[in-house]
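So you can see what is in the structure, the chains are spelled out below.
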Amino acid sequence: LGVQVLLGVVTAIGLIFCSETPRFLQSAGRPEEALKILTSLRGGDEQVAKQELDMVQAELEEEKQTGSATWAEVFTNPYFRNIVVLGCFVQFFQIITGINAMVSFGGTLF
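Everything quoted here is computed from the prediction, not taken from an experiment. (Residues numbered from 1 in each chain as written. Predicted model: local features only at pLDDT ≥ 70, side-chain atom pairs only at ≥ 80, totals over all residues. Heavy atoms only, no water.)

Turning our eyes to something else, we now look at helix α3 (residues 31-41). Among the residues making up α3, those that are buried are Ala34, Leu35, Ile37, Leu38 and Thr39. In the core, the buried residues of α3 are packed alongside α2 (22-27) and α4 (46-66). (Buried < 20%, exposed > 50% of the residue type's maximum accessible area, 1.4 Å probe, protein only. Helix = DSSP H or I, 4+ residues; strand = E, 2+ residues; numbered from the N terminus. Contact = heavy atoms within 4.5 Å.)

The predicted model of the chain averages 89 in pLDDT, with 99% of residues at 70 or higher. Across the chain, element-level confidence peaks in α2 with a mean pLDDT of 94 and bottoms out in helix α7 (residues 99-109) with 79. (pLDDT = per-residue confidence, 0-100.)

All right, on to the packing of α3 against α4 then. Packing of α3 against α4 leaves a shortest axis separation of 9 Å and a crossing angle of 125 degrees. When the axis of α3 is compared with that of α4, the two are oblique. As α3 runs across α4, the sense of the crossing is right-handed. Residues Pro31, Ala34, Leu35, Leu38 and Thr39 of α3 form the contact with α4, whose participating residues are Glu46, Ala49, Lys50, Glu52 and Leu53. Grouping the amino acids of the contact of α3 with α4 by side-chain chemistry returns six nonpolar, one polar and three charged. (Axes fitted to C-alpha atoms, helices over the stretch in contact; angles between N-to-C directions. Parallel < 35°, antiparallel > 145°, perpendicular 65-115°, else oblique. Left-handed = near helix turned anticlockwise from the far one by under 90°. Nonpolar A, V, L, I, M, F, W, Y, C, P; charged D, E, K, R; others polar.)

Glancing now at the side chain of Gln26. Positionally, Gln26 belongs in helix α2. What makes Gln26 buried here is its relative accessible area of 13%.

The next thing to look at is the nonpolar core. Core analysis: the biggest nonpolar cluster contains seven residues, these being Leu25, Ala34, Leu35, Ile37, Leu38, Ala49 and Leu53. By residue number, the principal contributor to this core is α3, which donates four residues. Setting aside its immediate chain neighbours within four residues, Leu38 contacts Pro22, Ala49, Glu52 and Leu53. (Core = buried A, V, L, I, M, F, W, Y, C linked by side-chain atoms within 4.5 Å.)

Next up on the list: the pattern of salt bridges. Evaluated as defined, the whole model comprises five salt bridges. For Glu52, the salt bridge identified is with Arg42, shortest N-O distance 2.7 Å. Of the two residues, Glu52 is situated in helix α4 and Arg42 in the loop between α3 and α4; the sequence distance between them amounts to ten residues. Classification of Glu52 as partly exposed rests on a relative accessible area of 23%. Its salt-bridge partner being Glu46, residue Lys50 comes within 3.6 Å of it at the nearest N-O pair. One end of the pair is Lys50 and the other is Glu46, both in helix α4 and four residues apart, which spans about a single turn. Residue Lys50 is classed as partly exposed on the basis of its relative accessible area of 39%. One salt-bridge network, in which partners are shared between bridges, spans Arg23, Glu59 and Glu63. (Salt bridge = Lys/Arg side-chain N within 4 Å of Asp/Glu carboxyl O.)

Set out below in structure tokens:
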């Protein structure tokens, strides 16, 4: 338990040093910062970063045009409903077969 808490604390401290994602910055109306971070992620190649940022902007505009889904759509739309049902069945069979216990305690048991 102590190791898990220690790793969680290290991860939380590491998050302080992480910058915002270029996608978030672009959606928040801060494209200069997004380009700066994306350029550093792409090894200083500003041309590639600009192309990728243009693709991000196109995706954001497409998402705005599409709109957002509601929880009612998840259960009334047959496509989404089938995905939810399939996911529930997979989780159910994982629990029934005990694979989670084997993954968690397999090293101890064997």
